[in-house]
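Residue-level structural notes
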Amino acid sequence: MLVSFLVICFSKGNASPVYNIENLDDLFDAYYSGMIDYTTFSILYNAYDLGGLTGDDLEALNISDRTELYFLLNPEDSSGFWQELLNNRNGQLGFRRYSRDKDYIYSNYYADFFRHGFNLRFDIRKLDEQTEFRRRSIGWRNEYIELKTGNYLVKQMYGLTIGRYDYQPSAGYGNESKLNLLSPSNSYYNGFAMEINRSNFHSGSYYSYKEYDNYDKTFAGGSITYESKRYTVSIISGWNKIYNGDKDEEYLAIGTGFEINMDDYSLGGEYALVEKSAGVYLKASKQAEKLLIQSEFWHYADHFCNFNCSGPAASDYESFYPLDDELGFRSTQAGETGVSISYHVTGLDAGLQMWNQSGSDFPNSSIYARSFHDISESIRIKYQLSYKNTETSRYFWMRVYHDMELPVIDRLGLKTYYDDGNFIRKNSYAYSDHRYEINRQFALTLKLRFYMDNQIYWYIGESLETAPRLRLRGEVSYRDYARINIKIEKAL
């Protein structure tokens, strides 16, 4: 199969640090200010109501550099927002209404039903007179087989050959809201999946079809895996075709992956080819008593362009245009070589990541560190910092805060942000988080931020759980705009 690859570095997107996202308001602000792209925004927004993401999903999304990802996945450091996304609670029916100054009103209707191996999920959003499916799926599983139809995610080794997501276009796509049951606009796969588990062997078969205005994209893939107590070996293949009636292009990816898990160390990796362009990823970890050291290496050829690749890489990306047309798809991996190492011991976590793009001699780098110190049995002081230096930008941020097991007061802290050596007042603030539980069913939350540019952000949340298993949540906040978020859920 002969396929021509045309890669145009139209624009370099940067999935900016997401450490500041602590609630739905922050997510909207991050998107509208250009901190995160629409793909990132839509995946996180879609997961806000139903949850169900995993740490691997966040890692595959490349929403932050790998050295900073620890801040999001550590329950002690991350906010309730991230824990909500990672919460996989089966069985709920809900309604949520979000408004900003009464001009932008989003209404979401969602459900997650699970009984006897059968699962039904859907999320419908309405904005003004426009209604759209955010996602919907039906699934069934038992001890040996799992079937899914509709929207789904894929877990195949480290995501080089077949990635977690089937990303929406990053350029040339209007993404107009419409009620499309057959092809909702999202970054999930859309079609059919079957996974079979028998003894030490596992296999997966996947099919997906999507429509993007005048373009159609089809994906088909499969895998076979042998897994024992210590060793895992997998062979994977994925095929994509995009066409608009006048022309089409096909991309074939084939790869193999492995994992070795011993008592005190582990090794893993994946090698993939996309039309003769190679990508490789290697990972190793060493456990020694209370010390854990992890290291990673990745390298991708200049034309390693895979629509649904979520292989490890830095958080910046470029767009490639498969039909030499206006429709573009993001490629985080193409032309990048990188290495990452992290160090974890009681009271201290630190990491370093270095990478560069083909054709550039600039050594991009990012560093993070986290430590804590117990002042008393009820008060712990924590420090977090991250520094990133790339060819196009440079920033430094630091947070110092107290975790307190005291009545009403949860956390007091200070965040500072520097860009190219300049102190950025609008992104720096002192803050205090307060929580008061009246009883097991009712709790109040107050969050205050005092920005260095004299802006004040306040947030008031109220949660109530009543019988029979009805959850009510209301949130009101203000900074530049008044926002109201109301959520009603019934556990099924």
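Data block above holds the structure.
First things first, this report covers the structure right here in the doc. What you see is a predicted model, and the numbers here were worked out from it, not measured in a lab.

Inspection of the entire model under this criterion finds 25 salt bridges. Asp 112 is the salt-bridge partner of Arg 121, the closest N and O atoms lying 3.1 Å from each other. Summarising the burial analysis for this pair, Arg 121 and Asp 112 share the class buried. Between Arg 134 and Glu 132 there is a salt bridge whose closest N-O contact spans 2.9 Å. With respect to burial, Arg 134 and Glu 132 carry one shared label: buried.

Attention shifts here to helix H2 (residues 38-50). An ideal rise of 1.5 Å per residue puts 18 Å on 13 residues; H2 measures up with 19 Å between its terminal C-alpha atoms. Most of H2 sits inside the fold, with twelve of its 13 residues counted as buried. Within H2 the residues assigned to the buried category are Thr 39, Thr 40, Phe 41, Ser 42, Ile 43, Leu 44, Tyr 45, Asn 46, Ala 47, Tyr 48, Asp 49 and Leu 50. One or two residues past the end of H2 sits Gly 51, with phi positive at roughly 60°.

So, on to the packing of helix H1 (residues 24-32) against H2. Packing of H1 against H2 leaves a shortest axis separation of 10 Å and a crossing angle of 165°. With respect to H2, the axis of H1 lies roughly antiparallel. The interaxial crossing formed by H1 with H2 has left-handed handedness. For the pair H1 and H2, the contacting residues are Leu 24, Leu 27, Phe 28 and Tyr 31 in the first and Tyr 38, Phe 41, Leu 44, Tyr 45 and Tyr 48 in the second.

Quick look at the environment of Leu 282 now. Counting through the fold element by element, Leu 282 comes out in strand E13 (residues 277-288). Assessed through its relative accessible area of 39%, Leu 282 is described here as partly exposed. The spatial distance from the C-alpha of Leu 282 to the C-alpha of Gly 269 is 4.2 Å, given a sequence separation of 13 residues. Leaving out residues up to four positions away in the same chain, Leu 282 has contacts with Phe 258, Gly 268, Gly 269, Ser 295, Glu 296 and Phe 297.

Pairing of strand E5 (residues 130-141) with strand E6 (residues 145-152) involves five bridges; the strand directions are antiparallel. What sits directly across from Ile 138, in E6, is Thr 149. Between E5 and the antiparallel strand that follows it, E6, lie three residues. Here eight bridges tie E6 to strand E7 (residues 189-198), and the two strands are oriented antiparallel to one another.

Our next topic: H1. Among the residues of H1, Leu 24, Asp 25, Asp 26, Leu 27, Phe 28 and Ala 30 are the ones counted as buried. Of the residues flanking the start of H1, the one acting as N-cap is Asn 23, its side-chain oxygen 3.0 Å from the backbone nitrogen of Asp 25. Immediately downstream of H1, the backbone of Gly 34 shows phi near 85°, a positive value.

The subject of this paragraph is the pairing of strand E20 (residues 379-389). Bridge analysis of strand E19 (residues 364-374) against E20 gives ten bridges, and the strand direction is antiparallel. Looking at the pairing, Ile 367 lines up with Tyr 387 of E20. Hairpin connection, E19 to E20: the antiparallel pair is bridged by four residues. Here eleven bridges tie E20 to strand E21 (residues 394-404), and the two strands are oriented antiparallel to one another. Bridge pairing links Gln 384 to Arg 399 in E21. The turn linking E20 back onto E21 is made up of four residues.

Scoring rules and cut-offs
For every chain, the first residue of the written sequence is number 1, and numbering continues from 1 along that sequence. Only residues with pLDDT of at least 70 get local features here, since the model is predicted, and only at 80 or more are side-chain atom pairs given and counted; chain-wide, interface and lining totals rely on the full set of residues. As a convention, hydrogens and water are excluded, and side-chain values are obtained from all of the structure's heavy atoms. Any Lys or Arg side-chain nitrogen found within 4 Å of a carboxyl oxygen on Asp or Glu counts as a salt bridge. Under the scheme applied here, a residue whose accessible area is under 20% of the maximum for its type counts as buried, over 50% as exposed, and between as partly exposed, the area being computed with a 1.4 Å probe on protein chains only. For helices the rule is a DSSP run of H or I covering at least 4 residues; for strands it is a run of E covering at least 2, with both sets numbered from the N terminus onward. Helix span, as expected, comes to 1.5 Å for every residue beyond the first. Axis definition: a line fitted to C-alpha atoms, limited for helices to the stretch in contact. Angles are taken between N-to-C directions and run from 0 to 180 degrees. Note that the term roughly parallel is reserved for angles under 35 degrees, roughly antiparallel for angles over 145, roughly perpendicular for angles of 65 to 115, and oblique for everything else. Note on convention: near helix rotated counterclockwise from far helix by under a right angle means a left-handed crossing. Clockwise means right-handed. The contact criterion used throughout is that any non-hydrogen atoms of two residues lie within 4.5 Å. If DSSP finds at least two bridges between two strands, the strands pair. Counting of polar contacts relies on pairs of N or O atoms within 3.5 Å, with two restrictions inside protein: one atom must be capable of donating a hydrogen and the other of accepting it, and residues adjacent in sequence are counted only when both atoms are side-chain atoms.

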